[in-house]
Amino acid sequence: MATGVTPRSAYQKRHHDVSHHGCDVTKQKKIQAINTFHVGELAYLLGKLKAVPGGDGTLLDRCLILYGSGISDGDTHNHDDLPILLAGAETAP
């Protein structure tokens, strides 16, 4: 069952509950902790992919990873200036 709780993060509460922070500094710090956890998980994945040899580079060199969000500010449901990151090279043979 999906609970919306981020496992192993510093804040064990539903993400959606704190994304509507209403400029409450405490809630903003909680959503920041969740986002920091997610980016840390991404860094872990990228590190693992980079550590695997693949052809003339690494597995990461053979991938294209898209990480981001469909919303830039959960409090206002703003969809402008979306945070998006591309990682890897995706070099085709």
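Okay, so let's go over this structure. Quantities reported herein were computed from a predicted structural model and do not represent experimental measurements. (Residues numbered from 1 in each chain as written. Predicted model: local features only at pLDDT ≥ 70, side-chain atom pairs only at ≥ 80, totals over all residues. Heavy atoms only, no water.)

1. Here we look at the overall build of the protein chain
In step 1: Within the protein chain, the regular secondary structure consists of 2 helices and 4 strands.
In step 2: The order of α-helices and β-strands along the protein chain, N terminus first, is α-α-β-β-β-β.
In step 3: Looking at the protein chain as a whole, 20% of its 93 residues qualify as buried.
In step 4: In the protein chain, the proportion of contacts linking residues at least 24 apart, taken out of those at least 6 apart, comes to 34%.
In step 5: Here the protein chain has roughly 6600 Å² of accessible surface; of this, 59% comes from carbon and sulfur atoms. (Helix = DSSP H or I, 4+ residues; strand = E, 2+ residues; numbered from the N terminus. Buried < 20%, exposed > 50% of the residue type's maximum accessible area, 1.4 Å probe, protein only. Contact = heavy atoms within 4.5 Å. Areas by Shrake-Rupley, 256 points an atom, 1.4 Å probe, with all protein chains shown as cover.)

2. A closer look at the side chain of Ser19
In step 1: Position of Ser19 among the secondary structure elements: in helix 1 (residues 15-19).
In step 2: When its relative accessible area of 10% is taken as the criterion, Ser19 is described as buried.
In step 3: What Ser19 contacts, discounting residues up to four positions off in sequence, is Ile31, Gly74 and Asp75.

3. Examining a nonpolar patch on the surface
In step 1: A contiguous nonpolar surface patch, about 520 Å² in accessible area, is contributed by Leu64, Leu66, Leu82, Ile84 and Leu86.
In step 2: Contributions of two or more residues to the nonpolar patch are made by strand 3 (64-68) and strand 4 (84-88).
In step 3: Secondary-structure assignment places Leu86 in strand 4. (Patch = residues over 30% accessible without salt bridge, like charges linked within 9 Å, V, L, I, M, F, W, Y side chains within 5 Å. Salt bridge = Lys/Arg side-chain N within 4 Å of Asp/Glu carboxyl O.)

4. Things to note about the nonpolar core
In step 1: One finds Leu42, Leu46, Leu49, Leu60, Cys63, Ile65 and Ala87 forming the largest nonpolar core, which totals 7 residues.
In step 2: Here this core gets 3 residues from one element, more than from any other, and that element is helix 2 (residues 25-50).
In step 3: Ignoring anything within four residues of it in the chain, the contact list for Leu42 reads Ile65, Tyr67 and Leu85. (Core = buried A, V, L, I, M, F, W, Y, C linked by side-chain atoms within 4.5 Å.)

5. Quick word on helix 2
In step 1: The end-to-end C-alpha distance of helix 2, which contains 26 residues, comes to 37 Å, matching closely the 38 Å that a straight helix rising 1.5 Å per residue would cover.
In step 2: Taken as a whole, helix 2 has its buried residues at Ile31, Ile34, Phe37, Leu42, Leu46 and Leu49.
In step 3: In this structure, the buried residues of helix 2 make contact with helix 1, strand 2 (57-58), strand 3 and strand 4.
In step 4: Its side-chain oxygen at 2.7 Å from the backbone nitrogen of Thr26, Asp24 defines the N-terminal cap of helix 2. (Expected span 1.5 Å × (residues − 1). Polar contact = N/O pair within 3.5 Å; in protein donor to acceptor, adjacent residues only side chain to side chain.)

Shape descriptors only; they carry no functional weight alone.
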